[in-house]
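The chain contents come next:
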Amino acid sequence: MNITKDNNLINNLKNLFSSIDYKTYPSFIDDLFSLIKSLQKSRNQSFVFLLVGRTGVGKSSTINSLMGEPICTTGDYDPTTMEVQSYEHEINGIKFTIVDTPGLCDDIPEKGNDQKYIELIRNKVKQIDSLCFVTRLDETRVSPDERRGIEVISEAFTPEIWKHSVIIFTSANRANDYLIDLQERTKRIQYAIAKYTGDEVASTIPSIAVDNKNQTTPDGKRWLEELYTQIFKRMSDRGALPFFLATVTRIKKTGKKRKKQTQKNPSENYEPNDANDNESDINFNSQQREDIKTKLFSVVPILEKICGSLGSIFGGSIGKTIGETIGGVIGHGLDFIFSLFS
Ligand SMILES: Nc1nc2c(ncn2[C@@H]2O[C@H](COP(=O)(O)OP(=O)(O)OP(=O)(O)O)[C@@H](O)[C@H]2O)c(=O)[nH]1
Ligand SMILES: [Mg+2]
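Residues numbered from 1 in each chain as written. Chains lettered and ligands numbered in written order. Predicted model: local features only at pLDDT ≥ 70, side-chain atom pairs only at ≥ 80, totals over all residues. Heavy atoms only, no water.

Visitor: Honestly, the sheet that holds strand β4 (residues 130-136) in this entry has me stumped. Any pointers?
Guide: In a beta sheet, neighbouring strands pair by backbone hydrogen bonds and run either parallel or antiparallel. If you walk across this open sheet you meet the six strands as β2-β3-β1-β4-β5-β6, and the pairing is mixed. Strands at the two margins of the open sheet, each flanked by one partner only, are β2 (85-91) and β6 (207-209). Adjacent strand axes in the sheet meet at a mean angle of 25 degrees when their direction is disregarded. In the sheet, β2 pairs with strand β3 (residues 94-100) via seven bridges, with the strands oriented antiparallel. Paired with Gln-85 across the strands is Asp-100, a residue of β3. Contacts from helix α6 (residues 178-197) reach β4, β5 (165-170) and β6, with the element oriented near 140 degrees to β5. Strands β1 (47-52), β2 and β3 of the sheet are contacted by helix α9 (residues 237-247), whose axis makes an angle of about 90 degrees with β1. (Pairing = 2+ DSSP bridges. Helix = DSSP H or I, 4+ residues; strand = E, 2+ residues; numbered from the N terminus. Axes fitted to C-alpha atoms, helices over the stretch in contact; angles between N-to-C directions. Contact = heavy atoms within 4.5 Å.)

Visitor: Even after reading the chapter, I still don't get the site of ligand 1, so can you show me in this structure?
Guide: Residues in contact with ligand 1 amount to 17 residues; listed here are only the nearest, Ser-60, Ser-61, Gly-75, Asp-211 and Asn-212. Val-57 is positioned with one of its backbone polar atoms (N or O) 3.2 Å from an oxygen atom of ligand 1. Between Lys-59 and ligand 1, the recorded distance is 2.9 Å, taken from a side-chain N or O atom to an oxygen atom. Bound to the protein, ligand 1 loses 85% of the 650 Å² it would expose on its own. For the shell around ligand 1, the element with the highest residue contribution is helix α3 (residues 59-67), accounting for three residues. Class assignment of the residues belonging to the shell around ligand 1 gives a composition of two nonpolar, ten polar and five charged. (Near = heavy atom within 4 Å. Polar contact = N/O pair within 3.5 Å; in protein donor to acceptor, adjacent residues only side chain to side chain. Areas by Shrake-Rupley, 256 points an atom, 1.4 Å probe, with all protein chains shown as cover. Nonpolar A, V, L, I, M, F, W, Y, C, P; charged D, E, K, R; others polar.)

Visitor: Mind showing me how you'd approach empty space enclosed by the protein here?
Guide: To find leftover empty space, one rolls a probe the size of a water molecule over the atoms. The final tally for this structure, using the stated rule, is one cavity of 30 Å³ or more. Roughly 40 Å³ of volume is contained in the largest cavity. Residue lining of the largest cavity: Met-82, Glu-110, Asn-113, Lys-116, Tyr-117 and Leu-120, and that is the complete set. Within the lining of the largest cavity, the residues separate by chemical class into three nonpolar, one polar and two charged. (1 Å grid on protein atoms, 1.4 Å probe; cavity = no way out; pocket = protein on both sides within 12 Å on 5 of 7 lines; lining within 4 Å. Points joined across faces, edges and corners; volume = space filled by probe spheres on them.)

Visitor: Which parts of the structure should I look at to understand the packing of aromatic side chains?
Guide: In this description, a pair of aromatic rings is defined by centroid distance and the angle of the planes. This model, assessed by the stated rule, comprises twelve aromatic pairs. Through a chain of ring-to-ring contacts, three or more aromatic side chains come together here, namely Phe-47, Phe-49, Phe-96, Tyr-228, Phe-232, Phe-243, Phe-244, Phe-284 and Phe-336. (Phe/Tyr/Trp six-rings, centres within 6.5 Å; stacked < 30°, edge-to-face > 60°.)

Visitor: Please explain unusual backbone geometry as it appears in this structure.
Guide: Glycine aside, the phi torsion of most residues is negative, and most peptide linkages are trans. For Asn-92, which is not a glycine, the phi torsion comes out positive at approximately 55 degrees. For Asn-92, the position within the fold is in the loop between β2 and β3. Among the residues examined, Asn-92 registers a relative accessible area of 23% and is labelled partly exposed. In this model, Ser-171 sits at a positive phi of 55 degrees, which is unusual for a non-glycine residue. For Ser-171, the position within the fold is in the loop between β5 and α6. Overall, Ser-171 belongs to the buried group, its relative accessible area being 14%. (Buried < 20%, exposed > 50% of the residue type's maximum accessible area, 1.4 Å probe, protein only.)

Visitor: Would you mind showing me how to read the nonpolar core here?
Guide: Of all hydrophobic cores here, the largest spans 67 residues; its most connected members are Phe-49, Met-67, Tyr-228, Ile-231, Phe-243, Phe-244 and Phe-338. Per element, the largest residue contribution to this core is seven residues, and it comes from helix α2 (residues 28-43). Taken domain by domain, the makeup of this core includes at least three residues from each of domain 1 (3-43 + 240-257 + 265-339) and domain 2 (47-238). Filtering out sequence-adjacent residues up to four positions away, Phe-49 remains in contact with Ile-63, Leu-66, Met-67, Thr-97, Ile-98, Val-99, Ser-130, Cys-132, Ile-231, Met-235 and Phe-243. (Core = buried A, V, L, I, M, F, W, Y, C linked by side-chain atoms within 4.5 Å. Domains from an automatic or database assignment.)

Now the structure itself:
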């Protein structure tokens, strides 16, 4: 359905807004349609994840956790050759690709053949929107193979690619000393990447500890929301909206501030989850909602103007009504976006 050509829908929206006084924002309807158009356009665009990490560290499991569907096969796999594998997927009608790099960070015979691998990856992969460097938290050092992987990726895509990267530590519950391991391992991997990007870029690469067998990390916090937020924040502008729409049906709004906030720890300022919520649903806290909002503003600038005025024009929960009127994935998307401002 092309929303902006659908006269019925246009009439429905106009009816919905007919009693509104637009004096404070005369171009509201035009701007709303322009926002809808951007979302619609991004439905036809795709995004690409690049997974880098040793065999069996949990690359596939982490992507499955993130996307909420068993799209990648997991389990034991013995790499015998270095290759680049890309898999096409579709969720909510949005196409995306997962590029896996088996062998790249493993100690296998082709080891000396990095130039061949660089050519292979360049020829096969034209666009990367998110780079996930995956390693286990309970390992102590950056292995020579991981360093080699970092070098190959930097050469194949230029060091700029690390601006869209996140470091993911799996098996968080197997760490000896969770917080110290997280801090130390992050520093060491950032340092290994800094050889190609310089400190300024490397030091901003976020790390997230996950455990694909548990909902929480050893500090008792849920990790899925943080993984989502960091990946979204770092995603290329081109990939951000398609990724948002592919996942919007499982992200929940939450994040409403409690009456008595504990400012000491803003991450706790959200209401408990609905008892019916599915465990794999993503329920953001206040800080994560802020981060998502900032990213959405930077990729769709018109949003800031529209959302900033929604309260003054409608004064209520108009987002849900607009979302329901439009329906489908875009309706869901708008409902979520507008909820960030309520
Ligand atoms: N305890 C624990 N096990 C994990 C975690 N992540 C993955 N696993 C398990 O580790 C094994 C390998 O996981 P995969 O996701 O297949 O790893 P991969 O990196 O994709 O492996 P290859 O595709 O073979 O390179 C599976 O048995 C997973 O269930 C984790 O965070 N914690
Ligand atoms: Mg895998």
